[in-house]
Amino acid sequence: MNPTDTFATMPATHEDDHDNPTAEAPGRTSRGIQSVEVGGQLLKALARSGRRMALKDLARDADMTPAKAHPYLVSFGKLGLIEQDPVSGHYGLGQLAVQLGLISLQQVDPVRLAIAELPALALTMGCTVSAAVWGGSGPIIVRVEEGPRAVNVTMRHGIPASLRHTGTGKVFAAFMPPAQIQAALVAQGEPGAWADPTFQVELARIRETGLSQVNQELIAGISAMAVPVFDGFGRLALVIAVMGPSADVDLNPDSVQAKALIALGQSLSLRLGAPAGG
């Protein structure tokens, strides 16, 4: 392998600099090892694909030739980051990569990630936003971030959300196991809701678009939208919602508000390990 393909050109440093993390000039990008970054493109390609890949396809997706990709794959194989199927010869993520992924999922707190995004979302939307999780017997609001304009609605941490009449609740109804939802609807005084064809059409649309829309359904003059956030196992982790005066909430799925909300839900899902486009 050509040495210029392996290491980035590095500026000269004093020996003591290796022990001094502040030795680099302010604003300078931290030095890295170019070969690791190049080889890492193969791991990224496998992660994007979500399946085993032939050498030529893997190399193409990583923007390199098969001859260049192969030595990286050999090294990654020795580390356990990738493995090669003995029958097909295709490459997939190895045991170490699986272990790292599982550990990462265990370390990530979905609620903490979502809460950190709410202040900026409230400013972008110009409305009140919230995060909710499943509380055992139904959706529970765990965080509310007020927007620039106050909403005259009782919405605070710890209150339940209606499965039938709120944007947040409808997302849970769309993606949680039906048996859990039916039991929760009964507990909320809506025993016939699950069998309502109109409700089922709503839930099907939410599953298709990834967006729940509520137009003055629970409270006159107040509209809302909500999106799901999934974890690395494809399970619904939480729901992010925006609500406000109907004049301030554009329910069109192609609106700037809807696109921003959907983008945040997808971004949080990716950070929790959900596959892209999943």
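Scroll up for the structure.
Along every chain, residues carry numbers that run from 1 in the direction the sequence is written. Reporting in this predicted model follows two pLDDT cut-offs: at least 70 for local features of residues, and 80 or more for side-chain atom pairs to be given and counted; totals over whole chains, interfaces and linings ignore these cut-offs and use all residues. The side-chain quantities take in all heavy atoms of the structure and omit both hydrogens and water.

### Structural notes on the pattern of salt bridges
Salt bridge, as applied in this entry: a Lys or Arg side-chain nitrogen positioned within 4 Å of an Asp or Glu carboxyl oxygen. Scanning the model with the defined rule gives 11 salt bridges in all. For the salt bridge of Asp-57 with Arg-60, the shortest nitrogen-to-oxygen distance reads 3.0 Å. With Asp-57 and Arg-60 both in helix α3 (residues 55–61), this residue pair falls 3 residues apart, about one helical turn. In this structure, a network of salt bridges that share partners links the residues Arg-164, Lys-170, Asp-196, Glu-202 and Glu-217. A run of H or I in DSSP counts as a helix once it spans at least four residues, and a run of E counts as a strand once it spans at least two, with each numbered from the N terminus.

### Quick word on the packing of aromatic side chains
Ring pairs are drawn from Phe, Tyr and Trp, using the six-membered ring of Trp, whenever the two centres fall within 6.5 Å, and their geometry is named by plane angle: stacked under 30 degrees, edge-to-face over 60, tilted for the rest. Under the criterion given, the structure shown has 2 aromatic pairs. Where Phe-175 meets Phe-230, the ring centres are 5.1 Å apart and the plane angle is 85°; that geometry is what we call edge-to-face. With Phe-175 in helix α7 (residues 167–175) and Phe-230 in strand β6 (residues 222–230), this residue pair connects regions lying 55 residues apart in the sequence. The partly exposed category is assigned to Phe-175, whose relative accessible area is 26%. A residue is classified by how much of its surface remains accessible, and Phe-230, at 15% relative accessible area, is buried. The classification of residues rests on relative accessible area computed with a 1.4 Å probe and restricted to protein chains. Under 20% of the type maximum is buried, over 50% is exposed, and intermediate values are partly exposed.

### Considerations on the pairing of strand β4 (residues 139–145)
Looking along a regular strand, one sees side chains alternate from face to face of the sheet. Examined bridge by bridge, strand β3 (residues 128–134) and β4 share 6 bridges and lie antiparallel to one another. Within the sheet, the bridge partner assigned to Trp-134 lies in β4 and is Pro-139. The antiparallel hairpin formed by β3 and β4 contains 4 residues in its connecting segment, where Gly-136 sits at a positive phi of about 100°. A pair of strands is labelled paired if DSSP reports no fewer than 2 bridges between them.

### So, helix α8 (residues 178–187)
Taken together, the buried positions of α8 are Ile-181, Ala-184 and Leu-185. For α8, the angular spread of the buried residues around the axis is 105°, confining them to a single face. α8 presents Ala-179, Val-186 and Ala-187 as exposed residues on the side facing more than 90 degrees away from its buried surface. What makes two residues a contact is simply this: any of their non-hydrogen atoms within 4.5 Å. Its buried side turned inward, α8 meets β3, α7 and α9 (197–209). The first or second residue beyond α8 is Gly-189, which carries a positive phi of 80°. Our arc is simply the arc of the directions from the helix axis toward the C-beta atoms.

### A closer look at the environment of Ala-67
Considering the arrangement of structural elements, one finds Ala-67 in helix α4 (residues 66–79). Exposure remark for Ala-67: the relative accessible area of 64% places this residue in the exposed category. Residues Ala-67 and Lys-56, spaced 11 residues apart in sequence, show a C-alpha to C-alpha distance of 9.3 Å.

### Thoughts on the sheet that holds strand β7 (residues 236–245)
Across the sheet, 5 strands lie side by side as β4-β3-β7-β6-β5; this open sheet has antiparallel pairing. For this open sheet the edge positions go to β4 and β5 (212–215), each flanked by a neighbour on one side alone. On average, adjacent strands in this sheet sit at an angle of 20° to one another, irrespective of strand direction. Here β3 runs beside β7; their pairing, made up of 5 bridges, is antiparallel. Each residue of the ladder has a partner; that of Thr-128, found in β7, is Met-243. With respect to the sheet, helix α10 (residues 256–271) is in contact with β6 and β7, its orientation differing from that of β6 by roughly 25°. Angles here are taken between N-to-C directions and fall from 0 to 180 degrees, while the axes themselves are lines fitted to C-alpha atoms, restricted in helices to the stretch in contact.

### Quick word on the side chain of Ser-162
Inspection of the secondary structure assignment puts Ser-162 in the loop between β4 and α7. The exposure class of Ser-162 is buried, given its relative accessible area of 19%. Within the local environment of Ser-162, its side chain forms a polar contact with the backbone nitrogen of His-165, the two atoms lying 3.0 Å apart. When sequence neighbours within four positions are dropped, the list of residues in contact with Ser-162 reads Gly-169 and Gln-188. Here a polar contact is recorded for every N or O atom pair within 3.5 Å, except that within protein the pair must consist of a potential hydrogen donor and a potential acceptor, and residues adjacent in sequence are included only if both atoms are side-chain atoms.

### Focus: the packing of helix α6 (residues 110–125) against α10
Two quantities define a packed helix pair, namely the angle between the axes and the distance from one axis to the other. Taken N-terminus to C-terminus, the directions of α6 and α10 make an angle of 165°; their axes are 11 Å apart at the nearest point. In terms of orientation, α6 and α10 fall into the roughly antiparallel class. Between α6 and α10 lies a crossing whose hand is right-handed. Contacts between α6 and α10 involve Leu-113, Ala-114, Glu-117, Leu-121, Thr-124 and Met-125 from the former and Gln-257, Ala-260, Leu-261, Leu-264, Leu-268 and Arg-271 from the latter. Here the nonpolar group is Ala, Val, Leu, Ile, Met, Phe, Trp, Tyr, Cys and Pro; Asp, Glu, Lys and Arg are the charged ones; every other residue, Gly included, is treated as polar. Counted by class, the contact of α6 with α10 contains 8 nonpolar, 2 polar and 2 charged residues. In what follows, roughly perpendicular refers to angles from 65 to 115 degrees, roughly parallel to angles under 35, roughly antiparallel to angles over 145, and oblique to any angle outside these ranges. For any pair of crossing helices, the crossing counts as left-handed if the nearer helix is rotated counterclockwise from the farther one by less than a right angle, and right-handed if it is rotated clockwise.

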